[in-house]
Amino acid sequence: MTKKSFLVAALMTLAFLLSACNMVAPMQNGEEGMPMDEGMAMDDDSGMDMSGGSMAGDAIEAQSTENGLFIVSAVSQLDPVVINETHSWIIHIETADETPVIDADISIDGGMPEHNHGFPTAPRVTENLGDGDYLLEGMRFNMGGVWVLTLEISSGDQTDSVTFEFELK
Ligand SMILES: [Cu+2]
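Predicted model only: the values in this text are computed from it and were never measured. (Residues numbered from 1 in each chain as written. Predicted model: local features only at pLDDT ≥ 70, side-chain atom pairs only at ≥ 80, totals over all residues.)

Turning next to the overall build of the protein chain. Helices and strands together make up the secondary structure of the protein chain, namely two helices and 10 strands. The order of α-helices and β-strands along the protein chain, N terminus first, is α-α-β-β-β-β-β-β-β-β-β-β. When contacts within the protein chain are restricted to residue pairs at least 6 apart in sequence, long-range pairs at least 24 apart make up 54% of them. (Helix = DSSP H or I, 4+ residues; strand = E, 2+ residues; numbered from the N terminus. Contact = placed C-beta atoms within 7 Å.)

Here is the structure:
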């Protein structure tokens, strides 16, 4: 499969997952302030399976940034996400009114808050794919447990951040 067709497939998967997420949203604890282990559902195309032997899917559903400037979602290019395999994610950014943000600068932070360590790698956005999509390379998780990924996003003179939280089994 070529890189481009892979990307197209990934984006179609993301679109599907986003619509699926919307459909199942009322069935989960979709409110903010929920317990950590339910906070960031990792959906796969079979629904809400959180009990797999690895991360239960490859997509992070859309989440608003802290100040509501952007809506951010992410899909892993490795599905399922497994420990100790370096891989890429595609980040999608829209404004609150669903306009793709095509000129974002994105800085990455994250790790395991419970263990006080960061990522074993230095993941960073390496490519603007257009239409609000950005390639995040160098993702790797070196143990199971709760991870966070924080994106600080700047577009024009506006900056906002979002933190995704998910559990890698
Ligand atoms: Cu750890």
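What follows picks up the thread again.
By secondary structure assignment, the location of R124 is in strand β7 (residues 124-130). Residue class for R124 comes out partly exposed when judged on the 13 C-beta atoms lying within 10 Å of it. Between the C-alpha atom of R124 and that of L135, which follows or precedes it by 11 residues, the distance is 8.3 Å. (Buried ≥ 20, exposed ≤ 12 C-beta atoms within 10 Å, placed from the backbone.)

Counting 27 residues, the largest nonpolar core has V72, A74, W89, I91 and I93 as its most contacted members. Elements supplying a minimum of two residues to this core: β2 (59-64), β3 (70-76), β4 (87-95), β8 (133-139), β9 (145-155) and β10 (158-168). Among the elements that make up this core, the one with the highest residue count is β3 (five residues). (Core = buried A, V, L, I, M, F, W, Y, C linked by C-beta atoms within 7 Å.)

Turning to unusual backbone geometry, a few remarks are in order. With omega at 0 degrees, the peptide bond leading from D79 into P80 counts as cis. Positionally, P80 belongs in the loop between β3 and β4. Phi at N116 takes a positive value of approximately 60 degrees, unusual for a residue other than glycine. Mapping N116 onto the fold places it in the loop between β5 (105-112) and β6 (117-118).

Strands sit in the order β6-β5-β9-β10 across an open sheet of four strands; the sheet is antiparallel. Of all strands in the sheet, those with a lone pairing partner are β6 and β10, marking the two edges. Note: β5 against β6, two bridges, orientation antiparallel. Residue pairing for β6: G111 is matched across the bridge by G118. (Pairing = 2+ DSSP bridges.)

Moving residue by residue along a regular strand, the side chains alternate between the two faces of the sheet. Of the pairings in the sheet, the one linking β3 to β4 comprises seven bridges and is antiparallel in character. Bridge pairing links F70 to T95 in β4. In this sheet, β8 lies alongside β4 in antiparallel orientation, the contact comprising five bridges. Residue pairing across strands places W89 opposite L136, the latter belonging to β8.

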